[in-house]
Amino acid sequence: MTTVLIADDQPLQRFGSRMLLESQDDMTVVGEAANGSEAVRRAAELHPDVVLMDIRMPGLDGIEATRRITTAGDRTRILIVTTFDLDEYAYAGLRAGASGFLVKDAQPEELLAGIRAVATGDAVVAPSLTRRLLDAYVHHLPTTPSSEAAPPEDPRLASLTDREREILTVIGKGWTNTEIATRLHLAESTVKTHVGRILAKTGSRDRIQAVILAYDTKLVETS
C-alpha cells in the first residue's frame, strides 16, 4: 500500500486529490498539509511513501519544503505538481530533490501512474519535460571561463565504468531506457541494470538526480 501526503493550499484541490487516490486499492492518503511548513512537519510524523507537493503555498513554499523533507534522511519521495508553464521556479525542484514533476492539468491516470512510479524509486518526468526543465535549470549553472584550468573530476564519477559513464551522459540528455537500448545496441534489461548501478554508485536518489549530476560534472555540456 502506497501512503501519500497531499500538500496544497487549495482545499478543493486537496479534496479532489484525496478522492482520486482513495478510489485506488493500492493507495491511501495519510494526511494533508495546507502549506510547506505543515508538509515538513507532517512528513516527519507520518513518513509517507510519497508527498504530492504543490509549489506555490503561503509561508514556506513547496520547493523549500521539498528540500527539507529530502535532506531529512527519510525514504519519503516528492512528486511536485505545478503549473510549469507559468511557474519560473519549477526548475528549482531538481535541486531540492524532487523525484518527479506533473502539471496540474495532468489526467487522473497520469497522476496515479506518477505516484506509483515515484513510490517504487523511479522518476516521473517525460523526456520532453526533462529537456524543458533543464532548459530552465542550466541557465542557473555557474560558467567556467575557458582560461581557467578544468576542475578536478567529481569523485562521484570515480567508480563508474566507461559504459556506465556513457549511459549517465545520455541519461543527462533525456534519453529513455528504450532509446538507450536501441541506440547503444543493448538489451533494455541490461540498461536498467546499468542505471541501477549508476544511481547506487553516485548516491543519486533517482533518475532526476542523475540528470543533475551529468550536468554538474560537465558530462553534458550546456549550450
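These numbers come from a predicted model, not from an experiment.

*Asks:* Would you mind showing me how to read the packing of aromatic side chains here?
*Replies:* Centre distance and the angle of the planes are the two values used to describe a pair of aromatic rings. Scanning the entire structure with this criterion turns up 0 aromatic pairs. The positively charged end of R183 is found above the aromatic ring belonging to W175, 4.2 Å away from the centroid.

*Asks:* Just checking my understanding: could you explain the pattern of salt bridges for this structure?
*Replies:* Oppositely charged side chains can pair when the atoms bearing their charge come close. The full count for this structure, using the stated rule, is 15 salt bridges. Of the charged contacts, one joins E32 and R18 as a salt bridge, the two residues approaching to 2.7 Å between their closest N and O atoms. Of the two residues, E32 is situated in strand β2 (residues 27–33) and R18 in helix α1 (residues 11–21); the sequence distance between them amounts to 14 residues. Classification of E32 by relative accessible area gives partly exposed; the value is 23%. When the shortest N-O distance is used, the salt bridge between R183 and E179 registers 3.9 Å. You can see R183 and its partner E179 sitting in helix α8 (residues 177–183), 4 residues apart, about one turn around the helix. The partly exposed category is assigned to R183, whose relative accessible area is 46%.

*Asks:* Teacher, can you tell me more about the packing of helix α7 (residues 162–172) against helix α9 (residues 188–202) here?
*Replies:* For any two helices packed against each other, one specifies the crossing angle of their axes together with the interaxial distance. Two numbers describe how α7 lies on α9: the axes approach to 10 Å, and their chain directions differ by 90°. When the axes of α7 and α9 are compared, the pair comes out roughly perpendicular. Contact with α7, carried on its side by R163, E164, I167, L168 and I171, involves H194, V195, R197, I198 and K201 of α9 and no other residues of that element. For the contact of α7 with α9, the per-class residue count stands at 5 nonpolar, 1 polar and 4 charged.

*Asks:* What's the story with the nonpolar core in this structure? I'm lost.
*Replies:* Generally speaking, nonpolar side chains in soluble globular proteins are found buried as a group. Counting 23 residues, the largest nonpolar core has A7, V51, M53, I63, I69, I78 and I80 as the members making the most contacts within it. Membership of the second largest hydrophobic core comes to 21 residues, among which are I171, A181, I198 and V211.

*Asks:* For this particular structure, what's the right way to read the side chain of T2?
*Replies:* Here T2 lies in strand β1 (residues 2–7). Judged by relative accessible area, T2 falls into the buried class, the value being 14%. Residue contacts for T2: discarding those within four places in its chain leaves D26, M27, T28, D49, V50, I115 and A119.

Reading the values: rules and limits
Residues numbered from 1 in each chain as written. Predicted model: local features only at pLDDT ≥ 70, side-chain atom pairs only at ≥ 80, totals over all residues. Heavy atoms only, no water. Phe/Tyr/Trp six-rings, centres within 6.5 Å; stacked < 30°, edge-to-face > 60°. Lys NZ or Arg CZ within 6 Å of the ring centre and 35° of its normal. Salt bridge = Lys/Arg side-chain N within 4 Å of Asp/Glu carboxyl O. Helix = DSSP H or I, 4+ residues; strand = E, 2+ residues; numbered from the N terminus. Buried < 20%, exposed > 50% of the residue type's maximum accessible area, 1.4 Å probe, protein only. Axes fitted to C-alpha atoms, helices over the stretch in contact; angles between N-to-C directions. Parallel < 35°, antiparallel > 145°, perpendicular 65-115°, else oblique. Contact = heavy atoms within 4.5 Å. Nonpolar A, V, L, I, M, F, W, Y, C, P; charged D, E, K, R; others polar. Core = buried A, V, L, I, M, F, W, Y, C linked by side-chain atoms within 4.5 Å.

As far as function goes, none of this settles anything; it's purely spatial.
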